[in-house]
Amino acid sequence: MTTASSTTLDCTGALPEAPVLCRHCGDTCADAGVRTPAGTFCCTGCESVFTLLQTHGLTQFYACDTGAGLSQRAATSRDAARFAPLDDPLIAQRFIDADDGTWAHATFSVPSLHCASCLWLLEQLWRFDEGVGRSEADLMRRTVRVAFRPGHTTLRAVAERLASLGYEPVIDAERAAGRMPAARRDLLLKLGIAGFAVGNMMLFSIPRYANGAPLEPAFQRLFDTLNVLFAIPVLLYSASDFFRSAWHSLRMRAITLDVPVAMGLSVLFGRSLHDIVTGSGEGFLDSFAGLVFFLLIGRLFQQVAFDRIAFDRTVKSFLPLSVRVVTDGTMTMRRIEELAPGDEIVLRPQEVVPADACLLDARGRIDLAFVTGEQEPVAVHAGDTIGAGGRVVGEALHLRVLRRVSHSRLAELWNNPVFAARDAHWLTDVSARFGHWFTIGAVALAAIGFWAWWPDARMAAQVATAVLIIACPCALTLAAPITLGTALGKLGEAGVYLKQGAVALDLSRIDTVAFDKTGTLTTAEAAASVDLHGLDAVDWARVRRLAAESVHPVSRALAGRAPVEGTVHDVLERVGEGIEGTVDGARVALGAASFVSRVAGTGVGTEAGTEPGRTWVVVDGRVGWLTHETPERSGMTSVAARLARSYETWLLSGDHDGEAARWRVVFGDRMRYRQAPDDKLAAVRERQAAGRHVLMVGDGLNDAGALAAADVGMAVSDETACLVPACDAVIRGDRLALLPEVLAYARRARLAILLSFWVSVLYNVFGLWLALTGRLTPLATAILMPVSSMTVVGVGVGLMRFRAPGGAAR
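As the structure is a prediction and not an experimental result, all values here were calculated from the model. (Residues numbered from 1 in each chain as written. Predicted model: local features only at pLDDT ≥ 70, side-chain atom pairs only at ≥ 80, totals over all residues. Heavy atoms only, no water.)

**Some remarks on the overall build of the chain**
Stage number 1. For the chain, the count of helices and strands is 25 helices and 28 strands.
Stage number 2. For the chain, the residues scored as buried account for 52% of the 810 residues in total.
Stage number 3. Summarising the internal contacts of the chain: among those between residues at least 6 apart in sequence, 67% fall at separations of at least 24.
Stage number 4. For the chain, the computed accessible surface area is about 35300 Å², with 57% contributed by carbon and sulfur atoms. (Helix = DSSP H or I, 4+ residues; strand = E, 2+ residues; numbered from the N terminus. Buried < 20%, exposed > 50% of the residue type's maximum accessible area, 1.4 Å probe, protein only. Contact = heavy atoms within 4.5 Å. Areas by Shrake-Rupley, 256 points an atom, 1.4 Å probe, with all protein chains shown as cover.)

Structural data, given as structure tokens:
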């Protein structure tokens, strides 16, 4: 007979209806919800977004997850005019990265971006607005970069469209004011609450551990009650990100490391609450709070590591770029971090505009590939504002700096997905696979423990839950971010700048090192020996003026011999060949014999007995040449020799083989001269086809393709503002001698991560032995869990700080 107190049937005797889930966001629909032929929705906002996607043929958004969207309950009540400030040009300028008059490129912060479905949808933004050309979403940064045509849509319209899809961009003054990001403040608050809770809970637990026996019932009940009160905010707030991430992973039918972490935290809290309520024990709540505390420390390390990758708000991680500054008619080199508004700078072709600046010349051309991904240069005119990241094309430009350099902005441009040379690093895939099998293994061991202790139901349940508590891969989640975060910071201090943390692990696998020669193993600045032949002083002055327009090492050496004067225009530089232009009305060309011959219209350097190694010039048909001897960069012979003992080393040079004897003692027969950019690229791919992992080291002027194709491309920077898009690392020229130490340091980073994995494995083996034998006590849990986490922190930070390469190098 059914009674009113039945928990399985309602008062009519019928089974209760299953909760109705929203077709868009997956939340439970209150009352009847919003019912349509397409499904039921929790609110009109979710129904509107679903209809919008359906109208534009984008229901694939729900292919991986029925409730992939975000709830729109809160959004439906927001003020529709909240994006009105974007109509103000001054405010809009904070979000605009570049605007060439046809296309504008804006970046929005979108905190609600959280999964692969979000990425897919946000990159379909062009389907909703004909004025949008392209959009790129970045899951880690939670940002969306949108290219749109101002004549067809507005920045405000783009923001409103994002909000209508459930991805409301942040437009308040926080971004401009330089305040700490909301996500970081939220993490620190969670960390503070967890730390406060664990400190107090340990105080309540110490009397029990010190006594070695149960306390008086009144004190035990008091301490247990206080522990529960402290643990609840830790569970509901401090640990919420781990549960949310695990839930999203399960909804996407994937098992990441956050799944076993969330499972362990749930069982730890539930088991403790059960023990306290039933009076069968004092629980593990102090261990629970301590575990969350250390996990949040790991997440904070991860954010700090990302900040270091992006060189954000650091004083030691400046990109090693320098520009020419004009002061009272005198031109000097200055590091970009020392630039101030009002400074007049001169940028040569291929150099990057380091900060927003105003063009002083009548006209010029700028390559916005860094900013927009477009390869076609755009014309600029006097008074135009050129945003940071544009690269000079053609002749050098005079600009006036408008704002101080933002290194985080330059790093963001360097990390533009357009220049991504390879997919995510293998470590991400390994962690995902490990999390999958770790979860399966933990559940299997819990089942085995339960079966082994049956029919003692109480002991079987205790062992099963103990296994799930102790088998938590928390140390694994700390290993990579802590190790790589510390490594990136120390390398930055040494003058080596990595694009992302995975590059350190890529460096650890290198077994082949290929060097460019001029500008890498040798320097071609004022210290170079240059001999001039065939022209008078007036013509050589014109040649030096043209050379000043190039960042090629030979051109810099020639231009640095004496002050340069004169007007130059119609400059054209061909990578690996030479440069031509008009100087004071005379047509001038400088470069290889074949290049100068084409410009002069006559054969150059074809005479019998002509010495190899000449750089040819022509001024209005008058032919001359120069020879130069480039001094070795300090210590590079010994550096290359040290590397040759452990690595396969190659010399790939675009120059003649006149200096082959100097380098044969180091490279032997592994030298290739007169290498065009395509030849260097082919050489790198040849070694990769043989199963080698190649590090290419060059200045990026005629080896950009090789830098991009190599497993790791490292660009050498010497008093220029050149930033090679596809390189993975930048090293200051005066720190290149540290390369062997950098490679050894990268191997140490890999070792530290692997060692942390083994620490976690040993901890789990010992803890699981205690759990399966029924010996896991609250005291053992309280000791083992934080000790394992602290060990991982100690291993990662200690190994990376111990004898880091070079020390501070500012």
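**Remarks on the pairing of strand 27 (residues 712–717)**
Stage number 1. Counting buried residues in strand 27 gives 6 out of 6 residues, a clear majority hidden from the surface.
Stage number 2. Residues Val712, Met714 and Val716 of strand 27 are buried on one face, and the alternating residues Gly713, Ala715 and Ser717, pointing to the opposite face, are buried as well.
Stage number 3. Inspection of the sheet shows strand 26 (residues 694–698) paired to strand 27 by 4 bridges, in the parallel sense. Bridge pairing links Met696 to Gly713 in strand 27.
Stage number 4. As judged from the 4 bridges shared by strand 27 and strand 28 (residues 729–732), these two strands associate in the parallel manner. Within strand 28, the position partnered with Met714 by the bridge is Ala729. (Pairing = 2+ DSSP bridges.)

**Description of the packing of helix 20 (residues 636–646) against helix 24 (residues 739–772)**
Two packed helices can be described by the angle between their axes and the distance between those axes.
Stage number 1. It is at 9 Å that the axes of helix 20 and helix 24 come closest, and there the two elements cross at 35°. Along its contact with helix 20, which presents Val639, Arg642 and Leu643, the element helix 24 presents Leu739, Pro740, Glu741 and Leu743.
Stage number 2. Along the lines of polarity and charge, the residues of the contact of helix 20 with helix 24 split into 5 nonpolar, no polar and 2 charged. (Axes fitted to C-alpha atoms, helices over the stretch in contact; angles between N-to-C directions. Nonpolar A, V, L, I, M, F, W, Y, C, P; charged D, E, K, R; others polar.)

**Examining the sheet that holds strand 6 (residues 143–148)**
Stage number 1. Across the sheet, 4 strands lie side by side as 3-4-6-5; this open sheet has antiparallel pairing. Of all strands in the sheet, those with a lone pairing partner are strand 3 (96–99) and strand 5 (132–138), marking the two edges. On average, adjacent strands in this sheet sit at an angle of 15° to one another, irrespective of strand direction.
Stage number 2. Here strand 3 runs beside strand 4 (residues 104–109); their pairing, made up of 3 bridges, is antiparallel. Note that in strand 4 the partner of Ile96 across the bridge is Ala106.

**Points about the side chain of Ser272**
Stage number 1. Along the polypeptide, Ser272 turns up in helix 9 (residues 258–278).
Stage number 2. Judged by relative accessible area, which is 0%, Ser272 ranks as buried.

**Topic: a nonpolar patch on the surface**
Stage number 1. On the surface, Leu754, Leu755, Trp758, Val761 and Val765 cluster together into a nonpolar patch covering about 470 Å² of accessible area.
Stage number 2. Its location among the elements puts Val765 in helix 24. (Patch = residues over 30% accessible without salt bridge, like charges linked within 9 Å, V, L, I, M, F, W, Y side chains within 5 Å. Salt bridge = Lys/Arg side-chain N within 4 Å of Asp/Glu carboxyl O.)

**Here's the deal with the pattern of salt bridges**
Stage number 1. Overall, the coordinates contain 22 salt bridges when judged by the stated rule.
Stage number 2. The salt bridge partner of Glu686 is Arg672, with a shortest N-O separation of 3.0 Å. Of this pair, Glu686 sits in helix 22 (residues 677–689) while Arg672 sits in strand 25 (residues 671–672); the two residues are 14 residues apart in sequence, bridging distant segments of the chain.
Stage number 3. Assessed through its relative accessible area of 38%, Glu686 is described here as partly exposed.
Stage number 4. Assessed through its relative accessible area of 23%, Arg672 is described here as partly exposed.
Stage number 5. Linking Asp734 and Arg732 is a salt bridge whose minimum nitrogen-to-oxygen distance equals 3.0 Å.
Stage number 6. Residue Asp734 is classed as exposed on the basis of its relative accessible area of 54%.
Stage number 7. Through salt bridges that share partners, Asp511, Glu648, Arg687 and Arg692 make up one connected network.

**Observations regarding the side chain of Ser756**
Stage number 1. Of note, Ser756 is situated in helix 24.
Stage number 2. A relative accessible area of 1% places Ser756 in the buried class.
Stage number 3. At a separation of 2.9 Å, a polar atom in the side chain of Ser756 contacts the main-chain carbonyl oxygen of Ala752.
Stage number 4. Beyond its immediate chain neighbours, meaning those up to four positions away, Ser756 contacts Ala479, Val792 and Val795. (Polar contact = N/O pair within 3.5 Å; in protein donor to acceptor, adjacent residues only side chain to side chain.)

**As for unusual backbone geometry**
Stage number 1. Cis geometry is adopted by the peptide bond preceding Pro455, which originates at Trp454 and carries an omega value of 20°.
Stage number 2. Structurally, Pro455 is set in the loop between helix 13 (426–453) and helix 14 (457–470).
Stage number 3. Positive phi, normally seen in glycine, also occurs at Asp620, with a value near 50°.
Stage number 4. As for its placement among the helices and strands, Asp620 is situated in the loop between strand 22 (615–619) and strand 23 (622–629).
Stage number 5. Located in the positive-phi region is Arg674, a residue other than glycine, with phi close to 55°.
Stage number 6. Among the secondary structure elements, Arg674 is positioned in the loop between strand 25 and helix 22.
Stage number 7. Arg674 sits in the exposed class, given a relative accessible area of 52%.

**Notes on the packing of helix 20 against helix 21 (residues 660–667)**
Stage number 1. Running from amino to carboxyl end, helix 20 crosses helix 21 at an angle of 35°, the nearest separation of the two axes being 9 Å. From helix 20, Thr637, Ala640, Ala641 and Ala644 reach across to helix 21, where they touch Trp663, Val666 and Phe667.

Everything listed is a geometric property; what it means functionally is a separate question.
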